[in-house]
Amino acid sequence: TMINQHPEQIVRDNIDKQLLECGWIIQDKNKINLTEALGIAIREYPTAIGPADYVLFVNKIPVGIIEAKREEEGVRLSMVENQSQAYATAKLKHLNNDPLPFVYESTGIVTLFTDSRDPKPCSRLVFTFHRPETFQQWLKEGSSLRKRLLTLPTLPANGLRDCQVTAITNLEKSFKENRPKALVQMATGSGKTFTAITFIYRLLKYAQAKKILFLVDTKNLGEQAEAEFRNYVPQGDNRLFPELHNVLRLTSSNIPKDGEVYISTINVCTLY
C-alpha cells in the first residue's frame, strides 16, 4: 500500500514496478549480486559525486543511470539532465568505469531517455524503461541509430521522379541534422507510397533500422501499401522487398516479433 508514503517513495515504487515489468532485477547497494540476472538495477549506488538513484548493469557492466524525481517535477524533467549526466560520467565506487551511455530522468509516470552515443545527445520521452536485452543489442551494434543515419549515402536518381528525389534527399538531410520529425508534402499521383518505401528501404539497409511502423488511416490504404511493398524492387537489387525484409500488415492486437515493417491502421494501433 502507498498510504502515508513520502512522495519520493511513491516515485521509487512506481519506478521499481516498471523496471521489474521490463525484465530488470532490483537490488540494494549492500546486497549486490551481478550474476543474478542479465539486467540489474542497483538502488543508491555510490559514485564519486554521491549516490545515484539507480545504476543499471547489463551482463555485470554498468551501462546507465536513472535519476528519480517527484511527480510535480515532471514538467521540469529536462532541466535536471545536467545532474543526470554528472552521475553518468562520474566514477562508480569500486569500478574504473567509462561514462555510462544510457540516462533516464523519471517521476515513475513521466520518463525521459538520452542515448549519449548520439551525435547530438538530447532527451526524448519514452513510455517506460528499455529492457536489458535491448541495451545489450545496442552495445553490440556499437553505434546508435541516430549516428548511423549520418552514414546514409547519396540517393541515386535513376528510376525516380525529380519530386521523389527531392523529398527523400531533404528528409534524410533533416534526419542527419538531428531533426527527426519531418513532413513530406507531395501532390496526388506523385508516388508518395513509392517514395516512402524507398526511404524505408534505405533506413533498413544503411542505418540498420530494426522496426518501422507504416501507419494508415483506413484498411483499404493498408492493403494498397502492402501490395506496393510486395511489388517494390530496390535500386541495385533484383529481389522484391519482402525477400529482403519482413513486411507485416497488422489486423489484430497480436504483433509478431519477427517483422521489420509493420503496416497498421490507427484503429488497430489503439488496441496496443
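Okay, so let's go over this structure. (Residues numbered from 1 in each chain as written. Predicted model: local features only at pLDDT ≥ 70, side-chain atom pairs only at ≥ 80, totals over all residues. Heavy atoms only, no water.)

**Let's talk about the overall build of the protein chain**
Regarding its fold elements, the protein chain presents nine helices and ten strands. For the protein chain, the spread of C-alpha atoms along the three principal axes comes to 65 × 40 × 35 Å. Looking at the protein chain residue by residue over its 272 residues, the buried ones come to 42%. One way to put it: in the protein chain the 34 positive side-chain charges average out to a point 4 Å from where the 30 negative ones average out. (Helix = DSSP H or I, 4+ residues; strand = E, 2+ residues; numbered from the N terminus. Buried < 20%, exposed > 50% of the residue type's maximum accessible area, 1.4 Å probe, protein only. Lys, Arg positive; Asp, Glu negative; His and termini not counted. Charge placed at Lys NZ, Arg CZ, Asp CG, Glu CD.)

**Focus: the environment of tyrosine 45**
Within the secondary structure, tyrosine 45 is located in strand S2 (residues 39–47). A sequence separation of ten residues divides tyrosine 45 from valine 55, and the C-alpha atoms of the two residues are 6.2 Å apart. Apart from residues lying up to four places away in sequence, tyrosine 45 is in contact with Ile32, Gly50, Pro51, Ala52, Val55, Phe57, Leu92, Lys93 and Leu95. (Contact = heavy atoms within 4.5 Å.)

**Considering the packing of helix H6 (residues 192–206) against helix H7 (residues 219–231)**
At their nearest, the axes of H6 and H7 sit 10 Å apart, and the two run at 55° to each other. Of the possible angle classes, the one that applies to H6 and H7 is oblique. Considering the relative orientation of H6 and H7, their crossing is right-handed. Across from Thr193, Phe194, Ile197 and Ile200 in H6, the residues of H7 making contact are Ala225, Glu228 and Phe229. Classifying every residue of the contact of H6 with H7 by side-chain character gives five nonpolar, one polar and one charged. (Axes fitted to C-alpha atoms, helices over the stretch in contact; angles between N-to-C directions. Parallel < 35°, antiparallel > 145°, perpendicular 65-115°, else oblique. Left-handed = near helix turned anticlockwise from the far one by under 90°. Nonpolar A, V, L, I, M, F, W, Y, C, P; charged D, E, K, R; others polar.)

**Structural notes on the pairing of strand S8 (residues 212–216)**
Side chains Ile212, Phe214 and Val216 project from S8 onto a buried face, and the interleaved Leu213 and Leu215 project onto a face without burial. Strand direction decides the pairing type here: S8 and strand S10 (residues 261–265), joined by five bridges, are parallel. When the sheet's bridge partners are listed, leucine 213 is paired in S10 with tyrosine 262. (Pairing = 2+ DSSP bridges.)

**Let's talk about the sheet that holds strand S9 (residues 247–249)**
In space, the three strands of this open sheet follow the order S8-S10-S9, with parallel pairing throughout. Looking at which strands have only one partner, the edges of the open sheet turn out to be S8 and S9. Each adjacent strand pair in this sheet contributes to an overall mean axis angle of 20°, direction not counted. Against the sheet, H6 touches S8 and S10, its axis set at about 165° to S8.

**Describing H6**
Residues spaced three or four apart along an α-helix point in a common direction, a consequence of the helix completing one turn every 3.6 residues. Here H6 is 15 residues long and its end C-alpha atoms lie 21 Å apart, about the 21 Å a rise of 1.5 Å per residue gives. Residues of H6 that are buried: Thr195, Ile197, Thr198, Phe199, Ile200, Tyr201, Arg202, Leu203 and Leu204. Summarising the contacts, the buried residues of H6 are in contact with helix H5 (162–176), S8, H7, helix H8 (241–244) and S10. Where H6 ends, the next residue or the one after it, glutamine 208, has phi of about 50°, a positive value. (Expected span 1.5 Å × (residues − 1).)

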